[in-house]
Amino acid sequence: VLLGYAGASLAQSVEQMYAAMGLGVGVGLGACNLAGLTALNARVKERRARAVGLATCGTSFGSILLPPLCSGTIAALGWRTALRIVGGLTGCLLLLAAPFFRVSAPGPTDS
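Because the structure is predicted, anything quoted here is derived from the model rather than measured.

**Concerning helix α2 (residues 14-43)**
- Here α2 is 30 residues long and its end C-alpha atoms lie 42 Å apart, about the 44 Å a rise of 1.5 Å per residue gives.
- Among all positions in α2, only A20, V25, G28, G36 and A39 are buried.
- In this structure, the buried residues of α2 make contact with α1 (2-9).

**Some points on the environment of V86**
- Checked against the element boundaries, V86 lands in helix α4 (residues 79-97).
- Between the alpha carbons of V86 and A6 there is a distance of 9.5 Å; along the sequence they are 80 residues apart.
- Setting aside anything within four residues of it in sequence, one finds V86 in contact with Y5, L66 and C70.

**Notes on the side chain of T90**
- Of note, T90 is situated in helix α4.
- By relative accessible area, T90 is classed as buried at 16%.
- For T90, the side chain forms a polar contact with the main-chain oxygen of V86, separated by 2.7 Å.
- Every residue in contact with T90, bar those within four places of it in the chain, is listed here: V1, Y5 and L29.

**Focus: unusual backbone geometry**
- Backbone geometry at R47 places phi at a positive 55°, although glycine is not the residue there.
- Residue placement: R47 occurs in the loop between α2 and α3 (48-77).

**Details of the packing of α1 against α2**
- It is the contact of α1 with α2, at a shortest axis distance of 8 Å, that shows an interaxial angle of 165°. Considered as vectors, α1 and α2 are oriented roughly antiparallel to each other. Here the hand of the crossing between α1 and α2 comes out left-handed. On α2, the residues that touch G4, Y5, G7 and A8 of α1 are M17, A20, M21, G24, V25 and L29.
- Counted by class, the contact of α1 with α2 contains seven nonpolar, three polar and no charged residues.

**Quick notes on the environment of A31**
- Tracing the chain through its elements places A31 in helix α2.
- Between the C-alpha atoms of A31 and V1, which are 30 residues apart in sequence, the distance is 9.8 Å.

**A short note on α1**
- Buried within α1 are the following residues: G4, Y5, A8 and S9. Burial along α1 is one-sided: seen end-on, the buried residues are contained in an arc of 135°.
- Looking at the buried side of α1, the elements it contacts are α2 and α4.

The rules behind these values
Residues numbered from 1 in each chain as written. Predicted model: local features only at pLDDT ≥ 70, side-chain atom pairs only at ≥ 80, totals over all residues. Heavy atoms only, no water. Helix = DSSP H or I, 4+ residues; strand = E, 2+ residues; numbered from the N terminus. Expected span 1.5 Å × (residues − 1). Buried < 20%, exposed > 50% of the residue type's maximum accessible area, 1.4 Å probe, protein only. Contact = heavy atoms within 4.5 Å. Polar contact = N/O pair within 3.5 Å; in protein donor to acceptor, adjacent residues only side chain to side chain. Axes fitted to C-alpha atoms, helices over the stretch in contact; angles between N-to-C directions. Parallel < 35°, antiparallel > 145°, perpendicular 65-115°, else oblique. Left-handed = near helix turned anticlockwise from the far one by under 90°. Nonpolar A, V, L, I, M, F, W, Y, C, P; charged D, E, K, R; others polar. Arc of directions from axis to C-beta.

Bear in mind that shape data such as this cannot, by itself, settle questions of function.
Printed below as a string of structure tokens:
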């Protein structure tokens, strides 16, 4: 994700921007979302659907909150710097969340 934002901030064409944002950021955040929901499903036993629903709402809330924050940063510092800041913050938040993404390996099953 961090490399995708960094690559997008260095893009010299629209095609490079699409590649960096689509492959680097899109695939990276999609994988992080999947890892988070998988870890949540492994840890929560009761009211699992509610926990997954709240986690998904949190993702959507972040998607609503981020554009206004980014537009202010873009106006103040320019789009390249704004992408680097968003990438750095995203990377830091993912590093903080990474320990919670751990899922223990499944044990042997009886046949």
